Amino acid sequence: MNSKLPTKDVFIKDIYNVLHVIILILSLFLVISISIDTFNDVPFQTEKSYLKVQLWICVFFLFDFFLELFLSRRKIKYLKTHLIFFIISIPYLNIIDYYHIVLSEEIKYFVRFIPLVRGGYALAIIVGRFTKSKVTSLFISYSTMLFATVYFSSLLFFAIERDLNPGLNQYSDSLWWAFMNVTTVGSNIYAVTIVGKILSVLLAALGMMMFPIFTVYITSVFQKVNNKN
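Counting starts from 1 at the beginning of each chain's written sequence and moves along it residue by residue. Where totals are concerned, whole chains, interfaces and linings use all residues; where local detail is concerned, this predicted model gives features only for residues with pLDDT of at least 70, and gives and counts side-chain atom pairs only at 80 or more. Each side-chain value is derived from all of the structure's non-hydrogen atoms; neither hydrogens nor water enter the calculation.

Chemist: Describe the overall build of the protein chain, listing the residues and the values that go with them.
Modeler: The helix and strand labels rest on DSSP assignments: H or I over at least four residues marks a helix, E over at least two residues marks a strand, and numbering proceeds from the N terminus. Of regular secondary structure, the protein chain possesses 9 helices and 0 strands. What you see in the protein chain, going N to C, is helices and strands ordered as α-α-α-α-α-α-α-α-α. Taken over the C-alpha atoms alone, the protein chain extends approximately 70 × 60 × 25 Å along its principal axes. When a residue's accessible area, from a 1.4 Å probe over protein chains only, is under 20% of the maximum for its type it is buried; when over 50% it is exposed; and in between it is partly exposed. Across the 229 residues of the protein chain, 39% fall into the buried class. A contact between two residues is defined here by any heavy atoms of the two lying within 4.5 Å. A sequence separation of at least 24 residues applies to 71% of the contacts in the protein chain between residues at least 6 apart. All accessible-area figures derive from a Shrake-Rupley calculation using a 1.4 Å probe, and residue coverage is judged against the displayed protein chains alone. Summed over all atoms, the accessible surface of the protein chain reaches about 14,000 Å², with 71% contributed by carbon and sulfur. Counted charges follow a simple rule, with Lys and Arg positive, Asp and Glu negative, and His plus the chain ends left uncounted. The atoms used to mark charge sites are NZ of Lys, CZ of Arg, CG of Asp and CD of Glu. Looking at charge distribution, the protein chain has the averaged site of its 20 positive side-chain charges lying 19 Å from that of its 13 negative ones.

As structure tokens, this is what we get:
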């Protein structure tokens, strides 16, 4: 009886790994789709094809959540620790479209990114599988989150301010703005919309919180090297 438990655990772990890889691929597909639509100024809110794609991707995310809940030995604990993944897997855009809920374009654009949080978690899990060091795993996870936030912020800033901000001529200007704000150095491009100003503050705050992690990681690497010597 006990000899079968490890085999079952390995099988369940393999299922989780496959699901996480699929989630990561689907999330990357959403990122590419959002990026292309943003660069080409495509009104995604009126595109039924995009809504259908995001609907099915969110359905798969929900399927993953309930499957992991079913396979979990401690279902109550799983619900408490993973409830956020159920919330971010809900196809909000489709609900907004179906019930004709009136929201600002900025909020609708932001809602597109909600399912991508699930992909970020999947990436952190996959990274953890391939790195033996917890410090390295944590560093890569935080770095990925930082660069993803910078990229998404640059897309949102570009979509909202490109017709209003005289300093914003192309997407590279928006990306430069995002990187300069997250490093707290500041940029010569200033936000003119409320959303843009909020993003400026959030990026600066994120930078102040995240960059100490880089210092800790580099310090730990040097300590390991010194210990070996």
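Chemist: Explain the packing of helix α7 (residues 134-161) against helix α8 (residues 171-182) to me, using residue names and the numbers behind them.
Modeler: For any two helices packed against each other, the geometry is given by the interaxial angle and the distance between the axes. Here α7 crosses α8 at 135°, and the two axes come no closer than 8 Å. By the angle class used here, α7 and α8 are oblique. Between α7 and α8 the crossing geometry is right-handed. Listed contacts from α8 to Leu146, Phe147, Val150, Tyr151, Ser153, Ser154, Leu155, Phe157 and Phe158 of α7 are Tyr171, Ser174, Leu175, Trp177, Ala178, Phe179 and Val182. Think of it as three bins: nonpolar holds Ala, Val, Leu, Ile, Met, Phe, Trp, Tyr, Cys and Pro, charged holds Asp, Glu, Lys and Arg, and polar takes everything else, Gly as well. Of the residues in the contact of α7 with α8, the class split is 13 nonpolar, 3 polar and no charged. Lines are fitted to the C-alpha atoms to define the axes, a helix being fitted only along its stretch in contact, and any angle between axes, read from their N-to-C directions, falls within 0 to 180 degrees. For classification purposes, angles smaller than 35 degrees are called roughly parallel, those larger than 145 roughly antiparallel, those between 65 and 115 roughly perpendicular, and all remaining angles oblique. Should the near helix be turned counterclockwise from the far one by less than a right angle, the crossing is left-handed, whereas a clockwise turn marks it as right-handed.

Chemist: Requested: an account of the nonpolar core, with residues and values cited.
Modeler: Here, the term nonpolar core denotes a set of buried Ala, Val, Leu, Ile, Met, Phe, Trp, Tyr and Cys residues that are joined through side-chain atoms within 4.5 Å. Ranked by size, the top nonpolar core spans 33 residues in total, and within it Ile34, Phe113, Leu116, Phe157 and Trp177 carry the most contacts. Where this core is concerned, the elements lending two or more residues are α1 (4-39), α2 (48-71), α5 (105-111), α6 (116-130), α7, α8 and α9 (194-228). Top element by residues in this core is α7. It accounts for 8 residues. If we ignore the near neighbours within four places in the chain, the residues touching Leu116 are Ser27, Leu30, Val31, Ile34 and Phe152.

Chemist: How would you explain α8 if you had to name every residue and give the values?
Modeler: With 12 residues, α8 extends 17 Å from end C-alpha to end C-alpha; this agrees with the ideal 16 Å at 1.5 Å per step. Backbone geometry just downstream of α8 places Thr184 in the positive-phi region, at approximately 65°. What a helix should span is 1.5 Å times the count of its residues minus one.

Chemist: How would you sum up α2? Please name residues and give values.
Modeler: The end-to-end C-alpha separation of α2 is 35 Å, in line with the 34 Å expected for 24 residues at 1.5 Å each. Tyr50, Leu51, Gln54, Ile57, Cys58, Phe61, Leu62, Asp64, Phe65, Glu68 and Leu69 are the residues of α2 that are buried.

Chemist: Run through the environment of Lys108, naming residues and quoting values.
Modeler: Along the polypeptide, Lys108 turns up in helix α5. Classification of Lys108 as buried rests on a relative accessible area of 17%. Here the alpha-carbon distance between Lys108 and Leu19, two residues 89 residues apart in the chain, equals 28 Å.

Chemist: Report on the pattern of salt bridges, specifying residues and quantitative values.
Modeler: The working definition used for a salt bridge is a side-chain nitrogen of Lys or Arg within 4 Å of a carboxyl oxygen of Asp or Glu. Evaluated as defined, the whole model comprises 4 salt bridges. A salt bridge links Arg73 to Asp9, with the shortest nitrogen-to-oxygen separation between them at 2.7 Å. With a gap of 64 residues between them, Arg73 in the loop between α2 and α3 (75-87) and Asp9 in helix α1 connect regions that are remote in the sequence. Arg73 gets classed as exposed once you look at its relative accessible area, which sits at 63%. A salt bridge links Asp37 to Arg112, with the nearest nitrogen and oxygen atoms 3.2 Å apart. Here Arg112 lies in the loop between α5 and α6 and Asp37 lies in helix α1, a separation of 75 residues in the sequence. One exposure class covers both Asp37 and Arg112, and it is buried.

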